[in-house]
Amino acid sequence: MPVNEQHSSTVILSQQLLLSVAEELKLPLTQIARQLELEGLTRAEGRSLQATAQTALQLIDHYILGVRLALEPQQFPLEAVSVSSVLYDTGQSLYNYAKNYDIDLELNIAGRFRPVMANQHGLHAALVSIGAALIEALPALPAQHQLKLQLATHRSRYGIVAGVYADTKQLSMSALRQGRRLQTHSRQPFLALNHSNGAGIFVADNILHAMDLHLVASRHHRLYGLGTVLQSNEQLQLV
């Protein structure tokens, strides 16, 4: 077997093994989340544990999705999607996890938007993955006036932007490019995110790629963030 083919085969086997491990991890986390729910814990510690277990389950699901897309590249079926609805659902998914880190989660929808072409499940999974990665990293980032994360959408000259924003200049396009270069060579490829490997960001990158979208750094109302540019139905018709 040629060296390149042998290497590719080894990578595929490794990814398949990681998929199996991820699936195995879901079982104890599911049991923990259900047990906490059944016990109906009202103490802050109980609520915190439940939120952590539920978020971990979501992230594992999104990781599995990202790895499967890497193993078997395919495009998500596109549909007309409400960006506002996806951002709202993303906020609901991240709310308790953000609360664990004492981070205020805000929803900022600047105006009314026509539906965009995307895949609702894929877009939600990508934004949740980005949001969870930033929630974990935000307390350690410099220049924080307050611990706040904003889920926002706005119009740009390229289309409709949906992203996750914070008060830090660390979230830049150069940091994202550097992270992509180091992704397979470093335990902490996204150097801008201290104390975090930024895995959720790269999971989001894979998922967006499957929708023929791109993960980009963005600015909105003096905040910096990561997101994607979407096209509305009428914009697609004009292309």
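Structure's up top.
No experiment lies behind these values; they were computed from the predicted model shown.

J.: An account of the packing of aromatic side chains is needed here, citing residue identities and associated values.
T.: All chains considered together, the criterion is met by one aromatic pair. Here Y97 and Y101 contribute two aromatic rings whose centre-to-centre distance is 5.3 Å and whose plane-to-plane angle is 70°, an arrangement assigned as edge-to-face. By relative accessible area, which is 7% here, Y97 ends up buried. With a relative accessible area of 28%, Y101 lands in the partly exposed category.

J.: So what's going on with the nonpolar core? Which residues, and what values?
T.: Core analysis: the largest hydrophobic core is formed by 45 residues, its most contacted members being L123, L149, I207, M211 and L230. Breaking this core down by element, the ones donating at least two residues are α2 (44–71), α3 (83–100), β3 (116–118), α4 (120–137), β4 (148–156), β5 (159–166), α6 (199–210) and β7 (223–230). Here this core takes 10 residues from α4, the largest share from any one element.

J.: So what's going on with the packing of α4 against α6? Which residues, and what values?
T.: Geometrically, a packed helix pair is captured by the angle between its two axes and the distance between the axes. Across the interface, α4 lies against α6 with an axial gap of 7 Å and an inter-helix angle of 165°. Judged by the angle between their axes, α4 and α6 are roughly antiparallel. As α4 runs across α6, the sense of the crossing is left-handed. Where α4 abuts α6, its residues G122, L123, A125, A126, S129, I130 and A133 lie against G200, I201, V203, A204, I207 and L208.

Definitions and limits used
- Residues numbered from 1 in each chain as written.
- Predicted model: local features only at pLDDT ≥ 70, side-chain atom pairs only at ≥ 80, totals over all residues.
- Heavy atoms only, no water.
- Phe/Tyr/Trp six-rings, centres within 6.5 Å; stacked < 30°, edge-to-face > 60°.
- Buried < 20%, exposed > 50% of the residue type's maximum accessible area, 1.4 Å probe, protein only.
- Core = buried A, V, L, I, M, F, W, Y, C linked by side-chain atoms within 4.5 Å.
- Helix = DSSP H or I, 4+ residues; strand = E, 2+ residues; numbered from the N terminus.
- Axes fitted to C-alpha atoms, helices over the stretch in contact; angles between N-to-C directions.
- Parallel < 35°, antiparallel > 145°, perpendicular 65-115°, else oblique.
- Left-handed = near helix turned anticlockwise from the far one by under 90°.
- Contact = heavy atoms within 4.5 Å.

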